[in-house]
Amino acid sequence: MSLTAKNKDTIKSFWAKVAPRAEEIGTDALSRMLVVYPQTKTYFSHWKDLSPGSAPVRKHGKTVMSGVAEAVSKIDDLTNGLLTLSELHAFQLRVDPANFKILSHNLLVVLAIQFPDDFTPEVHVAMDKFLSAVALALSEKYR
Amino acid sequence: MVEWTEFERATIQDIFSKMDYESVGHNALTRCLVVYPWTQRYFGNFGNLYNAAAIMGNPLVAAHGTVVLHGLDKAVKNMDNIKATYAELSVLHSEKLHVDPDNFRLLADCLTIVVAARLGSGFTPDVQAAFQKFLAVVISALTKQYH
């Protein structure tokens, strides 16, 4: 299910609207993930505060979204473009890849809330494919 | 048996009492058919599903979206007995419609996204958790009679 040229155009256009609100969106998506899928909290036992919108959640939401922004800029070759991030997730963070789907879902929910008119079915499918492709690239170095 | 908090009960009743079934049903099913095109396999007799615009404008999709959403009413009205309430529908989806149960999850995700867009900031993380828990229980009940 690779990205078509049309998918990439859709993603880049939509991302231009998302980018200015990236931190807010990342924070909200992460907050939702921790509440709706409590098992994901196991990765953040070192944080003082896991409540929605807390300082560590905000900081990490920003980090995650800059990763997504990097993926958009490297959309033509995600596997090579995200190699360093893949190594980070594989060897240091060791996040179970099933969680990439969970975070992706929550990102889509936040995008639907923030862009009720722009997040059309066509944009939705393009973003879903994109986030799946990013997850795949991030899993590249796992085994 | 599923345990529901007061918050969860109130949230589910609130969301469904205010829901525009035609609009939400139509949008959720359309989104499912566009975002996960393989789900179109169950709607061979619906006519034109060639692209997003065709799906959105298809009256059979709109009508069926409403049917599916009203199917959720049973669960809303019988939150303490969803499993038994859906026994017949589970048999229907398995024996007659032959729907792969993974599709229930796909439609549920689309429904969550449509409801999120409608409620906006009102769709807080806690509301989302309650809504997704409700849908997960329905999905489990719909899958129960598969063998």
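Provided above is the structure to which this section pertains.
Residues numbered from 1 in each chain as written. Chains lettered and ligands numbered in written order. Predicted model: local features only at pLDDT ≥ 70, side-chain atom pairs only at ≥ 80, totals over all residues. Heavy atoms only, no water.

J.: Help me out: how do you make sense of the packing of helix 5 (residues 83-93) of chain A against helix 7 (residues 121-139) of chain A in this one?
T.: A pair of packed helices can be characterised by two numbers: the angle between their axes and the separation between those axes. Residue and element names in this part refer to chain A. Viewed as axis vectors pointing N to C, helix 5 and helix 7 meet at an angle of 65°, and their least axial separation amounts to 7 Å. Taken together, helix 5 and helix 7 sit at an angle that is classed as roughly perpendicular. On helix 7, the residues touching L85, S86 and H89 of helix 5 are A137, L138 and S139. In terms of residue class, the contact of helix 5 with helix 7 is built from 3 nonpolar, 3 polar and no charged. (Axes fitted to C-alpha atoms, helices over the stretch in contact; angles between N-to-C directions. Helix = DSSP H or I, 4+ residues; strand = E, 2+ residues; numbered from the N terminus. Parallel < 35°, antiparallel > 145°, perpendicular 65-115°, else oblique. Contact = heavy atoms within 4.5 Å. Nonpolar A, V, L, I, M, F, W, Y, C, P; charged D, E, K, R; others polar.)

J.: What is the right way to look at unusual backbone geometry in this model?
T.: For residues besides glycine, phi is generally negative; the peptide bonds are generally trans as well. In this structure, A:R94 is a non-glycine residue whose phi angle is positive, near 50°. Along the chain, the position of A:R94 falls in the loop between helix 5 and helix 6 (98-114). Here the phi dihedral of B:H98 falls at roughly 50°; this positive angle occurs in a residue that is not glycine. Note on placement: B:H98 falls in the loop between helix 6 (87-96) and helix 7 (102-119).

J.: Looking at this structure, I do not really get the interface of chain A and chain B. What am I missing?
T.: When the parts come together, some accessible area is lost, and that loss is often what is quoted as the size of the interface. Tallying the contact residues gives 19 residues for chain A and 21 residues for chain B. Where chain A abuts chain B, roughly 1700 Å² becomes buried across the two surfaces, and 66% of that area is made up of carbon and sulfur atoms. Our count for the chain A to chain B interface comes out at 0 salt bridges. The tally of links between chain A and chain B comes to 7 residue pairs in polar contact (both at pLDDT 80 or more). Mapped by element, the contributors of at least two residues to the side of chain A that touches chain B are helix 2 (22-36), helix 6 and helix 7 of chain A. Considering each element in turn, the side of chain A that touches chain B owes the most residues, 6 residues, to helix 6 of chain A. For the side of chain A that touches chain B, the class distribution of residues is 12 nonpolar, 4 polar and 3 charged. (Buried area = accessible area lost by both parts, 1.4 Å probe. Salt bridge = Lys/Arg side-chain N within 4 Å of Asp/Glu carboxyl O. Polar contact = N/O pair within 3.5 Å; in protein donor to acceptor, adjacent residues only side chain to side chain.)

J.: Quick question: what am I supposed to make of the packing of helix 6 of chain A against helix 7 of chain A here?
T.: All names here are of chain A. Running from amino to carboxyl end, helix 6 crosses helix 7 at an angle of 150°, the nearest separation of the two axes being 10 Å. As summarised for this structure, helix 6 and helix 7 are arranged roughly antiparallel, according to the angle between their axes. Between helix 6 and helix 7 the crossing geometry is right-handed. Facing helix 6, whose interface residues are F100, S104, L107, L108 and L111, helix 7 presents H124, M127, D128, L131, A135, L138 and S139. The residue makeup of the contact of helix 6 with helix 7, split by class, is 8 nonpolar, 3 polar and 1 charged. (Left-handed = near helix turned anticlockwise from the far one by under 90°.)

J.: Help me out: how do you make sense of empty space enclosed by the protein in this one?
T.: Any space left empty among the atoms is revealed by the rolling of a water-sized probe across them. All names here are of chain A. In this structure the tally under the stated criterion is 1 cavity of 30 Å³ or more. Approximately 40 Å³ is the volume found for the largest cavity. Lining of the largest cavity is provided by W15, I25, M65, V68, L107, L111, M127 and L131. The set of elements that each furnish at least two residues to the lining of the largest cavity consists of helix 3 (55-73), helix 6 and helix 7. Per-class residue counts for the lining of the largest cavity are 8 nonpolar, no polar and no charged. (1 Å grid on protein atoms, 1.4 Å probe; cavity = no way out; pocket = protein on both sides within 12 Å on 5 of 7 lines; lining within 4 Å. Points joined across faces, edges and corners; volume = space filled by probe spheres on them.)

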